[in-house]
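One letter stands for each residue in the lines below.
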Amino acid sequence: MNRIKLYWLLQVLGWGGFALVSIFLATLSRGVTAVQIWAFIVLAATNLISTHFLRYIVKTYNWFKLSIPQLLFQSFLAIIALSFVNIVAQIFINIAFGTLSPALDFKILVILANLFQAILLFALWFLVYFLVHFLDNYNSTLKYEAKINEIRLNHLKSQLNPHFIFNALNSVRALVDEDPIKAKTAITRISNMLRFSLMMDKKQTIEFGDELNTVKDYLELESIRFEERLEVVYHIEDESYSYKIPPMMLQTIVENGIKHGVSNLVKGGVIEIKCREGLHDDLYIQVKNSGQLTHPPTLTSKDEQGHGLSNTVQRLKLIYGDKASFRIFNSGNQFVITEIKIPKQKVTFE
């Protein structure tokens, strides 16, 4: 069950239960008429609407990012405000249904008792709402940590696999006598990539510039191996550097383009990377590589591109939900395009 359905289920069950309990207690004490039953139902519906409006305030002003003291203080003020609204609502509902008894309902002790009851109700609502949110947040964190561990293992096994290191070292060995300076530069790039991979740890997102630098190191190394068979083109807008992206995401896409596209072509091909900012503070990443895609990757199957891209899709889903998108498709008969959209925001469980 998703969070929205769970929220509405708890709202309806909670305030519906409140109405039933109120009706039951009224029946035991003094009996209840059909009109009074409807008055209790309308009051419960009013409480549901008011707490839903409060939820809108909490989400709009991002109360979850507040410190604990700030959260407690603002929650206390909100509970008091809702409680007074509840008292006023009771009076108007009783007037509307003709059940108001001024001699009883306007007594100070009765008003204070109703106010205290409302405070307890809304405090309980706050407790349940934030408890459910933090439990869901904790569950999402556990899912993410499990997936990032899988990504790291897959990365160490295939992204920087022994075959890639072997090819890179062979390329460097060929340069040692021919071009020692270039050989030193290649060794530095290998070192940078290994260090980046090992330092990735459990970071959910990293600076776009850091990821791009690793991709450039990788492509420079591949350029040594492919020589004139590999052409690399960058179109990176300056705004792209203000974003954060999941680590090794762009690297995985580029390597797939090399491994399953360019390397299979006798004449080689091109890797073109475009990054730009969209109209709604989204980062659009496009990787275009020579080759043809037979079967697009899915979330559950191991496709012709291996598990790298399907892991990328799952990671985007875990971090950003429906706010990120991924697609891969053929462009004509010569190229494969991979497109990703990432929102410019903090992830929900950082």
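Relevant structure appears above.
The structure reproduced in this document is the subject of the present report. (Residues numbered from 1 in each chain as written. Predicted model: local features only at pLDDT ≥ 70, side-chain atom pairs only at ≥ 80, totals over all residues. Heavy atoms only, no water.)

## Observations regarding the pattern of salt bridges
Side-chain pairing between opposite charges can occur once the charged atoms of the two side chains come close. Keep this limit in mind: Any carboxyl oxygen of Asp or Glu that lies within 4 Å of a side-chain nitrogen of Lys or Arg is treated as forming a salt bridge with it. Summary of the burial criterion: residues with accessible area below 20% of their type's maximum are buried, those above 50% are exposed, and those between are partly exposed, where the area comes from a 1.4 Å probe applied to protein chains only. Put simply, DSSP marks the helices as runs of H or I at least four residues long and the strands as runs of E at least two long, and each gets a number from the N terminus on.
Scanning all chains against the criterion turns up three salt bridges. The partner of Asp322 in a salt bridge is Lys317, and the shortest N-O contact between them spans 2.6 Å. On the basis of relative accessibility, which here comes to 68%, the residue Asp322 falls in the exposed class. Across the pair Glu339 and Arg327 runs a salt bridge, and its minimum N-O distance is 2.8 Å. In this pair, Glu339 sits in strand E7 (residues 335–343) while Arg327 sits in strand E6 (residues 325–331), placing the two residues 12 residues apart along the sequence. With a relative accessible area of 23%, Glu339 lands in the partly exposed category.

## As for the sheet that holds E6
This is how the line gets drawn: Strands pair, by our definition, only if DSSP identifies at least two bridges between them. Whenever a helix is involved, its axis is fitted only over the stretch in contact; in every case the axis is a line through C-alpha atoms, and angles between N-to-C directions fall within 0 to 180 degrees. By definition in these notes, contact holds between two residues if any of their heavy atoms fall within 4.5 Å.
Taken in spatial order, the five strands line up as E2-E4-E5-E7-E6 in an open sheet, and their pairing is mixed. Of all strands in the sheet, those bounded by a partner on one side alone are strand E2 (230–236) and E6. Between one strand and the next, the sheet's axes are offset by a mean angle of 10 degrees, whatever the strand orientation. Running over the sheet, helix H8 (residues 208–226) touches E2, strand E4 (269–277) and strand E5 (282–290) and is turned about 160 degrees from E2.

## Some words on the side chain of Glu272
To keep things clear, this is the line we draw: Think of a polar contact as two N or O atoms within 3.5 Å of one another; within protein, one of them needs to be a possible hydrogen donor and the other a possible acceptor, and neighboring residues in sequence only count if both atoms come from side chains.
For Glu272, the location among the structural elements is in strand E4. Classification of Glu272 by relative accessible area gives buried; the value is 14%. There is a polar contact of 3.4 Å between the side chain of Glu272 and the side chain of Lys274. Leave out the neighbours within four places in its chain, and Glu272 touches Val233, His235, Gln286, Val287 and Lys288.

## Digging into a negative patch on the surface
We count it as follows: Residues enter a patch when their relative accessible area is above 30% and they make no salt bridge; the linking distance is 9 Å between like charges and 5 Å between nonpolar side chains (Val, Leu, Ile, Met, Phe, Trp, Tyr). Every accessible area reported is derived by Shrake-Rupley at a probe size of 1.4 Å, with residue values counting cover from the shown protein chains alone. The charge count includes Lys and Arg as positive and Asp and Glu as negative, but it does not include His or the ends of the chains. Where a charge lies is defined by one atom per residue type: Lys uses NZ, Arg uses CZ, Asp uses CG and Glu uses CD.
Where like charges cluster on the molecular surface, the negative patch consists of Asp177, Glu178, Glu227 and Glu228. Locating Glu228 in the fold gives a position in the loop between H8 and E2. We classify Glu228 as exposed; its relative accessible area is 67%.

## Considering the pairing of E6
Pairing analysis gives seven bridges linking E6 to E7, with the strands arranged antiparallel. Of the residues in E7, the one forming a bridge with Ser325 is Lys341. Where E6 folds back onto E7 in an antiparallel hairpin, the turn is made up of three residues, including Gly332, whose phi is positive at roughly 70 degrees.

## Looking at unusual backbone geometry
Unlike most non-glycine residues, Asn62 shows phi in positive territory, near 50 degrees. If you trace the backbone, Asn62 turns up in the loop between helix H2 (34–60) and helix H3 (68–97). Take Asn62: its relative accessible area is 34%, and that puts it in the partly exposed class.

## Some remarks on the nonpolar core
Spelled out, the test is: Nonpolar core, defined: a set of buried Ala, Val, Leu, Ile, Met, Phe, Trp, Tyr and Cys residues in which side-chain atoms within 4.5 Å join the residues together.
Leu250, Val254, Ile273 and Ile285 are the most contacted members of the largest nonpolar core, which totals 40 residues. Of all elements in the fold, only helix H6 (162–178), helix H7 (180–199), H8, helix H9 (249–260), E4, E5, helix H10 (308–320) and E7 reach the threshold of two or more residues within this core. Broken down by element, the residue count for this core peaks at eight residues, all from H8. Non-local contacts of Ile285, meaning those with residues more than four positions away in its chain, are made with Ile245, Met249, Leu250, Lys274, Cys275, Thr338, Glu339, Ile340 and Ile342. Formed by 22 residues, the second largest nonpolar core is a distinct cluster that contains Tyr7, Phe18, Leu54 and Tyr129.

## Regarding the packing of aromatic side chains
Rules: Each Phe, Tyr or Trp ring, with Trp reduced to its six-membered ring, pairs with another whose centre is within 6.5 Å; inter-plane angles below 30 degrees give stacked pairs, above 60 give edge-to-face pairs, and intermediate values give tilted ones. Any Lys NZ or Arg CZ found within 6 Å of a ring centre and within 35 degrees of that ring's normal is scored as a charge over the ring.
On inspection of all chains with the given rule, the structure shows 10 aromatic pairs. With 6.4 Å between their ring centres and 80 degrees between their planes, Tyr7 and Tyr129 make a pair best called edge-to-face. With Tyr7 in helix H1 (residues 3–29) and Tyr129 in helix H5 (residues 108–159), this pair connects stretches of sequence that are 122 residues apart. Members of the aromatic cluster, each reached through a chain of ring pairs, are Tyr7, Trp8, Trp125, Phe126, Tyr129 and Phe130. Seen from the ring of Phe335, Lys288 lies directly overhead, with NZ or CZ sitting 4.4 Å from the centre.

## Focus on the packing of H2 against H3
Helix-helix packing is characterised by the crossing angle of the two axes and by the distance between the axes. Here is the rule: With respect to orientation, any angle under 35 degrees is reported as roughly parallel, any angle over 145 as roughly antiparallel, any angle of 65 to 115 as roughly perpendicular, and every other angle as oblique. Handedness of each helix crossing follows the sense of rotation of the near helix against the far helix: counterclockwise by less than a right angle gives left-handed, clockwise gives right-handed.
Two elements in contact, H2 and H3, have axes whose closest approach is 10 Å; the angle formed by their N-to-C orientations is 150 degrees. Classed by the angle they form, the pair H2 and H3 counts as roughly antiparallel. In the crossing of H2 with H3, the sense of the turn from one axis to the other is right-handed. Together, Val35, Trp38, Ala39, Val42, Leu43, Thr46, Asn47, Ser50 and Leu54 of H2 and Ala78, Leu82, Asn86, Ala89, Gln90, Ile93 and Phe97 of H3 make up the contact between the two elements.

## Considerations on the packing of H1 against H2
In the contact formed by H1 and H2, the axes pass within 9 Å of each other and the chain directions differ by 150 degrees. Where H1 crosses over H2, the two elements pack in a sense that is right-handed. For the pair H1 and H2, the contacting residues are Ile4, Tyr7, Trp8, Gln11, Val12, Trp15, Phe18, Ala19, Ser22, Ile23 and Ala26 in the first and Ile37, Phe40, Ile41, Leu43, Ala44, Asn47, Leu48, Thr51, His52 and Arg55 in the second.

## Notes on H9
Rules: Under the convention used throughout, the expected extent of a helix is 1.5 Å for every residue step, that is, one less than its residue count.
With 12 residues, H9 should reach 16 Å at 1.5 Å per residue; the first-to-last C-alpha distance of 17 Å fits that figure. For H9, the tally of buried residues reaches 10 of 12 residues, placing the bulk of the element in the interior. Of all the residues in H9, the buried ones are Met249, Leu250, Gln251, Thr252, Ile253, Val254, Glu255, Asn256, Gly257 and Ile258.

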